[in-house]
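Per-entry structural report
Next come the chains, spelled out residue by residue.
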There are 2 protein chains.
Amino acid sequence: MKIIVDAFGGDNAPQEILLGCAQAMDELGIDIVLTGDRARLEAAAREMGLSDQLSRMEIIQCGEVLTMEDDPMSVIREKTDSSMAVGLRALAEGRGDAFASAGNSGALVVGATTIVKRIRGVKRVSFAPILPKKQGFFMLNDGGANVDCRPEMLLQFGLMGAEYMKKVMGVENPRVGLANVGTESHKGDDLRQSAYKLLSNFPGINFVGNVEPREIPNDACDVVVADGFTGNMLVKMYEGVALTLFDLIKDVFKKNLKNKVAAGMVYGDMKALKKQVDYNEYGGAPIMGATKPVFKIHGSAKAATVKNALRLTRDYTQSGFTEEIGRILKEKSAE
Amino acid sequence: MKIIVDAFGGDNAPQEILLGCAQAMDELGIDIVLTGDRARLEAAAREMGLSDQLSRMEIIQCGEVLTMEDDPMSVIREKTDSSMAVGLRALAEGRGDAFASAGNSGALVVGATTIVKRIRGVKRVSFAPILPKKQGFFMLNDGGANVDCRPEMLLQFGLMGAEYMKKVMGVENPRVGLANVGTESHKGDDLRQSAYKLLSNFPGINFVGNVEPREIPNDACDVVVADGFTGNMLVKMYEGVALTLFDLIKDVFKKNLKNKVAAGMVYGDMKALKKQVDYNEYGGAPIMGATKPVFKIHGSAKAATVKNALRLTRDYTQSGFTEEIGRILKEKSAE
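Residues numbered from 1 in each chain as written. Chains lettered and ligands numbered in written order. Predicted model: local features only at pLDDT ≥ 70, side-chain atom pairs only at ≥ 80, totals over all residues. Heavy atoms only, no water.

Considering the environment of Asn206(A)
All names here are of chain A.
- For Asn 206, the position within the fold is in the loop between helix H7 (190–201) and strand S9 (207–211).
- Spatially, the C-alpha atoms of Asn 206 and Ala 162 are 8.3 Å apart, while their sequence positions differ by 44 residues.
- If near-sequence neighbours (up to four positions away) are discounted, Asn 206 is found in contact with Asn 173, Pro 174, Arg 175 and Val 176. (Helix = DSSP H or I, 4+ residues; strand = E, 2+ residues; numbered from the N terminus. Contact = heavy atoms within 4.5 Å.)

Here you go:
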């Protein structure tokens, strides 16, 4: 399997991307195709003692970089020679089996939609972060790609999310819930009420009804369905509360000598807990609905996270997800 | 000052409501008018040794109770003889200066709107929980009263929130932020983009622009403006993450003998932290936009929280909030 990687996407490019790719190539049995400037990549590889590994990767030369500040549309306008745009075109042309980037998420969604193209029947490409819950993890779909949604899109987010959790994450019969202000079927706005009906009536989906965000981190379900605006609010509130709480706990542990001693005694376990609830640890988020797998690596990813993300990209590609979604939607439209 | 209290609202009514009212009457210099069944109140007072205190409260007799399961509209339909409906009518008739209830929030919003009536110019009555941030607290307005909103409503939520924080909570020049998926002015859906413009152009409001939920618990602003659907999602996600994290920390502290010893050493400080971030401690949430102050006491409130809530209700009533909002909106429409 060949995974195309945007060598110049994210906060720690190209060094950490290169190192993560080198590790993934050795440990995961995948081939790597990098997009970016060859001279800069070779310089970085020399610096890091990775020249041998780089020589075993394919490089598709391009000079530009699309940054976090660039408009998402620039991937098909001003920045068509960027490492992201070139990578997406290489995927569309079949020069690799999947594409992964730690760059601008919005641009990646635009590129997946317009360059790689949607699966026939898919209304919108979605961005689906995986977050930890009390035990295990859940997916939030859509996590921010589509601020305005129609009910059919929410149904498809549920279908794609369930398929991904089953095929890639190994969750049996994933429970799909609709993020809403109350659990009763009539709750929420028109969008929620209509999406509830569609999700209830679709055969084969394990829809558990509305879920309130209070219960989401406490294992309400495996796939949380939301419009991209709400989903993005939820992911960011999740992060914000976790970060602030850990800061406050740190203050407690530093308060006086007695607390510092106690902190030393639980240091390892608290560190493990912090890691457990840090969603960056999950490597990234699949972008779903395009004809080929596109994966968003966390923007701040270091080599270990890049490697994790590439493992998930590999599993995503091997899973047959794209074909299965195409089949489900085709069957449905034939009904 | 006379505060009318729904003696049969909430999980711990009437006992904890009665005790909280008795304490508030003695400590806060307010008079209490209870709504509910006299015989049941007298029996509860006898049981708790509060007969003397009860004898100093006015009771407005009514037999019914509106429960958490009742439809919010029942406050003006099936349950017009409930302690909540009777209390709201008593407020409208001037038999007290404010009304507080730990009962069904939705019904309280409906009653504030239709029985107490909106301030002239106010488009929607809102429900505004106060939540802790890293230091101090912030208000989320609207926190769930209005799932469908127009931009002018969001502007008014901002205005009312700022006025409340200033006049009741003592925050100088409160910073108002719009909950959104990004900080740039063009971010979000049509509702957000239009609300951003209205908030930017309104004179006298300290609008700090869009705020991402990731920064909200970390002191992004003092008043977070949202439509009621988004606001409710944010409050509930906040609660959910905090509850789950504290559960996980408890597991760490119970893991083995060493951790148990450490837990003992920081027990008091961790308990204080848990209390600091528990939004129930703040007593409740103002319902804003009605012609007289209505206050939602937390459903699970015990006596101490009821007393806190009545202190806030007193401050809300004394603040001149209602008159000020009326004045601001009148001036605006006169422009």
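A closer look at the sheet that holds strand S9 (residues 207–211) of chain B
All names here are of chain B.
- Spatially, S6-S7-S10-S8-S9 is the arrangement adopted by the five strands of the open sheet, whose pairing is mixed. Of all strands in the sheet, those with a lone pairing partner are strand S6 (130–132) and S9, marking the two edges. With strand direction ignored, the average angle separating the axes of adjacent strands in the sheet is 30°. (Pairing = 2+ DSSP bridges. Axes fitted to C-alpha atoms, helices over the stretch in contact; angles between N-to-C directions.)

Quick look at the packing of helix H8 (residues 228–254) of chain B against helix H9 (residues 257–276) of chain B
Residues and elements named next belong to chain B.
- At a minimum axis separation of 9 Å, H8 and H9 run at an interaxial angle of 155°. As far as their axial angle goes, H9 and H8 are roughly antiparallel. Between H8 and H9, the contacting residues are Phe 246, Ile 249, Val 252, Phe 253 and Lys 254 on the first element and Asn 259, Lys 260, Ala 263, Val 266, Met 270, Leu 273 and Lys 274 on the second.
- Looking at side-chain class alone, the contact of H8 with H9 contains eight nonpolar, one polar and three charged residues. (Parallel < 35°, antiparallel > 145°, perpendicular 65-115°, else oblique. Nonpolar A, V, L, I, M, F, W, Y, C, P; charged D, E, K, R; others polar.)

Overview of the relation of the copies chain B and chain A
- The two copies are related by a screw operation: chain B maps onto chain A through 180° of rotation and 0.0 Å of translation along the axis, at an RMSD of 0.0 Å. Taken together, these values place the two copies in the relation of a two-fold axis. No C-alpha of chain B lies nearer the rotation axis than that of Ala262(B), which sits 2.2 Å from it.
- Taken together, the interface assignments show that 100% of the residues at the interface of chain B recur at the interface of chain A, consistent with an identical surface on both copies. (Least-squares fit on C-alpha atoms with pLDDT ≥ 70 in both.)

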